[in-house]
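Descriptive analysis of the structure
One letter stands for each residue in the lines below.
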Amino acid sequence: MENIAIGTGRRKTAVARVFLREGSGKIVVNGKDIKEYFATAEQVRTVNQPLLVTSNTNKFDILINVGGGGLNGQAGACLHGLARALTQVDPNCHKALRANGYLTRDSRMVERKKYGQRGARRRFQFSKR
C-alpha cells in the first residue's frame, strides 16, 4: 500500500507516527484495531476528532505507530499526528483543524524532581525542633 501522507504527533512523552492510505476508514494502532488498543471510548473519540471535523471519516485507512507515555498521552499524540497528516492531503482542512486546536502541540510535560525535595515542588516536612 502507498502512503498518501505521514504526520508525527507528540503529547507529553508519547510520540505517534501516522500514515494515511486510501481506504474505507479502518484505523490500526500498533497492529491492533483502535477499539482494541485504547481502553476507553473517550480515547477512541479523541483520536477520531480530526476526521469528524474535516468530514473524512470513511475516506482513509490509518496506520499509527505510537510509543512512550500512557494511553491518554498516546491518544493525544495520535490526534496531533492525524491532524498534521490530513493537512498534507488537503490544505483546505488546515483552517478547521487550527480553529479546534488540533494542530497545536500540547507542550505540557511533567516537571522534573528536584534534589533535596520529595517531588517536583513538594518539600520534606520541616521540623523546627
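As the structure is a prediction and not an experimental result, all values here were calculated from the model. (Residues numbered from 1 in each chain as written. Predicted model: local features only at pLDDT ≥ 70, side-chain atom pairs only at ≥ 80, totals over all residues. Heavy atoms only, no water.)

On to the overall build of the chain, then. When helices and strands are counted, the chain shows 4 helices and 5 strands. For a compact globule of 129 residues, the expected C-alpha radius of gyration is about 14 Å, and the chain comes in at 18 Å, more than 25% above that figure. The C-alpha extent of the chain, read off along each of the three principal axes, is 70 × 30 × 25 Å. A total of 129 residues make up the chain; the buried ones form 36% of that total. (Helix = DSSP H or I, 4+ residues; strand = E, 2+ residues; numbered from the N terminus. Rg over C-alpha atoms; globule rule 2.2 N^0.38 Å. Buried < 20%, exposed > 50% of the residue type's maximum accessible area, 1.4 Å probe, protein only.)

Here the focus is the packing of aromatic side chains. Within the structure shown, the criterion is met by 1 aromatic pair. Judged by centre distance (5.1 Å) and plane angle (90°), the ring pair of tyrosine 37 and phenylalanine 38 falls under edge-to-face. (Phe/Tyr/Trp six-rings, centres within 6.5 Å; stacked < 30°, edge-to-face > 60°.)

Looking at the element boundaries, lysine 113 is found in the segment after α4 (94-99). A relative accessible area of 49% means that lysine 113 is categorised as partly exposed. Polar side-chain contacts of lysine 113 include one of 2.9 Å to the backbone oxygen of glutamine 117. (Polar contact = N/O pair within 3.5 Å; in protein donor to acceptor, adjacent residues only side chain to side chain.)

Another aspect to go through is the nonpolar core. Counting residues in hydrophobic clusters, the biggest one holds 29 residues, and the most contacted among them are Leu20, Val29, Phe38, Ile62 and Ile64. Of all the secondary-structure elements, those providing two or more residues to this core are β2 (14-22), β3 (27-29), α1 (34-37), α2 (41-53), β5 (60-67) and α3 (71-89). Ranked by residues supplied to this core, first place goes to α3 with 8 residues. With residues near it in sequence (within four places) discarded, phenylalanine 38 still touches Val29, Gln43, Val44, Val47, Leu71, Gln74, Ala75 and Cys78. (Core = buried A, V, L, I, M, F, W, Y, C linked by side-chain atoms within 4.5 Å. Contact = heavy atoms within 4.5 Å.)

Attention now moves to the sheet that holds β2. Pairing within the open sheet is mixed, and its 5 strands lie in the order β1-β2-β5-β3-β4. The open sheet terminates on both sides in strands that have one partner only, identified here as β1 (5-11) and β4 (32-33). Note: β2 against β5, 8 bridges, orientation antiparallel. Looking at the pairing, leucine 20 lines up with isoleucine 62 of β5. The sheet contacts of α3 involve β1, β2 and β5, and relative to β1 the element is tilted by about 150°. (Pairing = 2+ DSSP bridges. Axes fitted to C-alpha atoms, helices over the stretch in contact; angles between N-to-C directions.)

Let's shift gears to the pairing of β2. In this structure, β1 lies alongside β2, joined through 7 bridges in antiparallel fashion. When the bridges of β2 are listed, arginine 11 appears paired with alanine 14. Hairpin connection, β1 to β2: the antiparallel pair is bridged by 2 residues, and lysine 12 has positive phi, about 55°.

A full pass over the atoms with the stated rule returns 5 salt bridges. Its salt-bridge partner being aspartate 106, residue arginine 11 comes within 3.4 Å of it at the nearest N-O pair. Placement of arginine 11 in strand β1 and of aspartate 106 in the segment after α4 is noted, with a sequence separation of 95 residues between them. The exposure class of aspartate 106 is partly exposed, given its relative accessible area of 24%. Salt-bridge contacts for glutamate 111 lead to lysine 114; the nearest nitrogen and oxygen are separated by 2.7 Å. One connected set of salt bridges, linked through shared partners, spans Arg11, Asp106 and Arg108. (Salt bridge = Lys/Arg side-chain N within 4 Å of Asp/Glu carboxyl O.)

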